[in-house]
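Residue strings, one per chain:
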Amino acid sequence: MKRNQETAQTGYLTRMYLRRDRIAILIWLLGIVGGAASGASKIIGLTGNDKAVASLIHTMDTPAMAAMFGPFKATQSASTASIFSATMMVFMGLIMAVMNIYFAIRNTRTQEDNGVLEMVRAHSVGRQSSLLATLYELIIINLLNGVLMSVTLQAMNMDGADATGNWLFGMGLAACGLMFGAFTLLIAQLASNARGATTMSYSLLGILYILRALTDVQNTDYTWWTVFGWVEKLGVYGKNNWLPALYMIALAAVVLVITFVVSAQRDLGSGLLPDRPGRAHASAFLAGPTSLIFRLERTSLIAWVIGLFIYGASMGSLFDTIGDMMNSSPMVVKIIGPAAAQAAGRTMTLEFASMMATVMAIGASVPVIATLLRLNSDEQKGWLESMHARPVSRFQLFGAYSLVATVIGLLTLFAGNIGMAIGSQGMKHAFSVGRLMRAFWGFAPVILMTVGIAAVVVGLLPRLQKLAWILPIYALLSIYLGGLLDFPEWTKKVTPFGWIRKVPLHTVQWDQVGLLVVVSCVLVLIGYSLYRRRDLIEN
């Protein structure tokens, strides 16, 4: 096929994708640009309050914050703009990566799984047109985000900001997003379905984020090798280094060339990674809907369990670095004494463990919501028609998805916390496994509450079920950034993640655990009642 035939109707498909995704694009734009503006305005609001600024700078100059946001050296002359860049750059880069993964999977593997791309290709559309149109859409979305963010920061006129820094902030994040979009487009050619592509894309993002966190705490020189760390090496409002942005664009270009070469070699609906041949006869464990859904979610479960275990173990390995902070300061040891310095170091380590436990609980809620939302999406795709044709009740289907979501969430949460406990063993500042596992028992009912809330959304708003993602997103924003930007305390209590007091620093409130378990069971029953009363969402 000639080159112009390979990409025929690309412009038409690009316009179609932009028109179809316009609401989703608008929501992402408002969320990302609005989030950056909100963070900037909050930091600007601290101007003149020397005590609040000093507290924020001190908080940023800790290993826990370095692991989450990147390194920041406390100085008395730190400007509003430099504080904003230190608190928001890595976080916004993470959000940009997630956005690009969403749109890249949506317009490639998801369309193939739904059979939409097959119908599109039946017309005079080139073999590579859909992939190229998806790339054009990603470029447009990232450029819009970058330009709007840069213009917004320019208008806010933060102390210490300049035009170069504002544009580097926006365009650097655009380059980061495009790089992860390119990674995802390549992965979409390797995976055999959308679920596999999504799992592999987020696994890659998680691995790169963990590597960045480890190197930022231990040796920032190695951060250059983590790829994700390039976004913090931009040095916005400081050195204003455009070189990392060029690295991201160059890497994206190389990956995209490989992607188009790979795309030309594979068949529609298949991936280059070979599928393992299945059994000639179904296992006895696939006799019911619950075991079938467990089988379908097996890859996602394994990926999340391994990913959060590695994250937890990585964070546990930092306990000595954090605990030695007080002892490494001769002045502090001289003033408060060696014993008090050691006790302060242990408390600081437990504070770090509590923060990581909250982050892992929010992470464990993601596969929970994803699994429950598949009840409606699988229904809509027609994948459950054969089950509805058999004597399988709605109660069995709803219960199967709810049970699988619960097990995945609890196993993922357990893996993260046991990983943190194991990763810290053998160190000077190690705590008992039982002490650190308080975090699991403290946040387990929050996972159950997430199941209940998602179940209600699935039953009540099947067409708008993606609203369930507000729960972990808001929790991440309010808890992850709330303490840093001094959000009001009530904003952290809106989600169940903010109801749990710091564990393992404190003991588990067992009366609260019992209450949340009961409430979550009630919510699941309400969700089933709503699901049972509505029509099926069939093709």
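Going by the structure above, here's the rest.
The structure presented is a predicted model; accordingly, all values stated were derived computationally and were not measured.

Engineer: So, the overall build of the protein: which residues are in play, and what are the values?
Structural biologist: A tally of regular secondary structure across the protein gives 24 helices and zero strands. Considering the protein as a whole, with its 539 residues, one finds that 52% of them fall into the buried category. Restricting the contact set of the protein to residue pairs at least 6 apart, pairs at least 24 apart contribute 80%. As displayed, the protein offers around 24,200 Å² of accessible surface, 65% of which is attributable to carbon and sulfur atoms.

Engineer: Can you lay out empty space enclosed by the protein for me, pointing to particular residues and giving the numbers?
Structural biologist: Under the criterion given, the structure shown has two cavities of 30 Å³ or more. Its volume calculated, the largest cavity comes out at about 100 Å³. Along its surface, the largest cavity is lined by Thr108, Glu112, Leu117, Arg121, Arg127, Ser130, Leu131, Gln189, Ser263, Arg266, Asp267 and Leu268. Elements supplying a minimum of two residues to the lining of the largest cavity: α8 (116–121) and α9 (129–156). Taken together, the residues of the lining of the largest cavity sort by class into three nonpolar, four polar and five charged. Considering only enclosed or pocket space, the second largest cavity measures out at about 30 Å³ in volume.

Engineer: Outline a nonpolar patch on the surface, supporting the account with residue identities and numerical values.
Structural biologist: Side chains of Tyr222, Trp224, Trp225, Leu243, Leu246, Tyr247 and Ile249 sit close together on the surface and give an oily, nonpolar patch of about 800 Å² of accessible area. Counting through the fold element by element, Tyr247 comes out in helix α12 (residues 243–263).

Engineer: So what's going on with the packing of aromatic side chains? Which residues, and what values?
Structural biologist: Per the counting criterion, the structure on display carries 14 aromatic pairs. Look at Tyr209 and Phe228: their rings are 5.8 Å apart centre to centre, the planes differ by 70 degrees, and that puts the pair in the edge-to-face class. Placement of Tyr209 in helix α11 (residues 194–218) and of Phe228 in the loop between α11 and α12 is noted, with a sequence separation of 19 residues between them. One exposure class covers both Tyr209 and Phe228, and it is buried. Grouped by ring-pair contacts, the aromatic residues Phe180, Phe183, Tyr209 and Phe228 constitute a single cluster. When the ring centre of Tyr209 is taken as reference, the NZ or CZ atom of Arg212 above it lies at 4.7 Å. One residue, Arg394, lies across the ring of Tyr531, its end atom 5.3 Å from the ring centre.

Engineer: I'd love a proper account of the nonpolar core, names of residues and values included.
Structural biologist: Residues Phe84, Met92, Phe169 and Phe180 are the most contacted members of the largest nonpolar core, which totals 143 residues. The biggest single contributor to this core is helix α6 (residues 80–106), with 17 residues.

Engineer: Mind laying out the environment of Arg212, listing which residues take part and the relevant values?
Structural biologist: When you line up the elements, Arg212 lands in helix α11. Here the alpha-carbon distance between Arg212 and Tyr222, two residues ten residues apart in the chain, equals 8.4 Å. In this view, Arg212 contacts Ala66, Ala67, Met68, Phe69, Gly70, Val90, Thr223, Thr226, Phe228, Gly229 and Glu232; residues no more than four positions away in its chain are not counted.

Engineer: Describe helix α10 (residues 163–190), with residues and values.
Structural biologist: For α10, spanning 28 residues, the distance from its first C-alpha to its last is 41 Å, which sits close to the expected 40 Å at 1.5 Å a residue. The element α10 is largely enclosed, with a buried count of 23 among its 28 residues.

Engineer: Mind laying out the packing of helix α3 (residues 22–44) against α9, listing which residues take part and the relevant values?
Structural biologist: Put simply, α3 and α9 touch, their axes get as near as 10 Å, and they point 25 degrees apart. As summarised for this structure, α3 and α9 are arranged roughly parallel, according to the angle between their axes. Between α3 and α9 the crossing geometry is right-handed. Here α3 contributes Ile25, Trp28, Leu29, Ile32, Val33, Ala36, Ala37, Ala40, Ser41 and Ile44 to the contact with α9, which in turn contributes Glu137, Ile141, Leu144, Asn145, Leu148, Met149, Thr152, Leu153 and Met156. Considered class by class, the residues forming the contact of α3 with α9 number 15 nonpolar, three polar and one charged.

Engineer: Before we move on, can you summarise the pattern of salt bridges with the specific residues and values?
Structural biologist: Applying the stated criterion across every chain, the model contains eleven salt bridges. A salt bridge links Arg374 to Glu297, with the shortest nitrogen-to-oxygen separation between them at 2.7 Å. Of the two residues, Arg374 is situated in helix α17 (residues 338–380) and Glu297 in the loop between α13 (289–296) and α14 (298–316); the sequence distance between them amounts to 77 residues. Residue class for Arg374 comes out buried when judged on its relative accessible area of 16%. You can call Glu297 buried: its relative accessible area is 2%. A salt bridge links Arg534 to Glu379; the shortest N-O distance between them is 3.6 Å. In this pair, Arg534 sits in the segment after α24 (510–533) while Glu379 sits in helix α17, placing the two residues 155 residues apart along the sequence. By relative accessible area, which is 12% here, Arg534 ends up buried.

Engineer: Talk me through unusual backbone geometry; I want residue IDs and the actual numbers.
Structural biologist: Cis geometry is found at the peptide bond from Val503 to Pro504, where omega equals 15 degrees. Its place among the elements puts Pro504 in the loop between α23 (489–492) and α24. For Asn157, which is not glycine, the phi dihedral falls at a positive 50 degrees. Tracing the backbone through its elements, the reader meets Asn157 in the loop between α9 and α10. Positive phi, normally seen in glycine, also occurs at Asn240, with a value near 50 degrees.

Engineer: Explain the packing of α6 against α9 to me, and be specific about the residues and the numbers.
Structural biologist: If you want to describe how two helices pack, look at the angle between their axes and the distance between the axes. One can describe the packing of α6 onto α9 by two numbers: an axis separation of 11 Å at closest approach and a directional angle of 155 degrees. Judged by the inter-axis angle, α6 sits roughly antiparallel to α9. Between α6 and α9 the crossing geometry is right-handed. Between α6 and α9, the residues in contact are Phe84, Met92, Met96, Met99, Asn100, Phe103 and Ala104 and Thr134, Leu138, Ile141, Asn142, Asn145, Met149 and Leu153, respectively. Its residues assigned to classes, the contact of α6 with α9 shows ten nonpolar, four polar and no charged.

What counts as what
Counting of residues starts from 1 at the beginning of each chain's written sequence and follows it residue by residue. Note on the predicted model: pLDDT of at least 70 is required for a residue's local features to be given, and 80 or more for side-chain atom pairs to be given and counted; whole-chain, interface and lining totals, by contrast, use all residues. As a convention, hydrogens and water are excluded, and side-chain values are obtained from all of the structure's heavy atoms. Helix numbering and strand numbering both begin at the N terminus, where a helix is a DSSP run of H or I of at least 4 residues and a strand a DSSP run of E of at least 2. Each residue's exposure class comes from its accessible area (1.4 Å probe, protein chains only) as a fraction of the maximum for that residue type: buried when under 20%, exposed when over 50%, partly exposed otherwise. In what follows, a contact means two residues having at least one pair of non-hydrogen atoms within 4.5 Å. To measure how exposed things are, a 1.4 Å probe is used in the Shrake-Rupley method; for residues, cover is taken only from the protein chains shown. Definitions used throughout: a 1 Å grid over protein atoms alone; a cavity as a set of points that fits a 1.4 Å probe which cannot get out; a pocket as an open set with protein on both sides within 12 Å along at least five of seven lines; a lining residue as one with an atom within 4 Å of a point. Grid points are joined across faces, edges and corners, and a volume is the space filled by probe spheres set on the points. For this scheme, ten residues count as nonpolar: Ala, Val, Leu, Ile, Met, Phe, Trp, Tyr, Cys and Pro. Four count as charged, namely Asp, Glu, Lys and Arg, and the remainder, Gly too, count as polar. Patch building starts from residues that exceed 30% relative accessible area and form no salt bridge, then joins like charges within 9 Å and nonpolar side chains (Val, Leu, Ile, Met, Phe, Trp, Tyr) within 5 Å. We count a salt bridge whenever a side-chain nitrogen from Lys or Arg sits within 4 Å of a carboxyl oxygen from Asp or Glu. Pairing of aromatic rings covers Phe, Tyr and Trp, the last counted by its six-membered ring, and requires centre-to-centre distances within 6.5 Å; plane angles under 30 degrees mean stacked, over 60 mean edge-to-face, and any other angle means tilted. Cation placement over rings: the criterion is NZ of Lys or CZ of Arg within 6 Å of the ring centroid and within 35° of the ring normal. Put simply, a nonpolar core is a bunch of buried Ala, Val, Leu, Ile, Met, Phe, Trp, Tyr and Cys residues held in one set by side-chain atoms that sit within 4.5 Å of each other. To estimate the expected span of a helix, subtract one from its residue number and multiply by 1.5 Å. Simply put, an axis is a line fit to the C-alpha atoms, just over the touching stretch for a helix, and the angle between two N-to-C directions goes from 0 to 180 degrees. Roughly parallel here means an angle under 35 degrees, roughly antiparallel means over 145, roughly perpendicular means 65 to 115, and every remaining angle is called oblique. Crossings are classed by handedness, with left-handed meaning an anticlockwise turn of the near helix from the far one by less than a right angle and right-handed meaning a clockwise turn.

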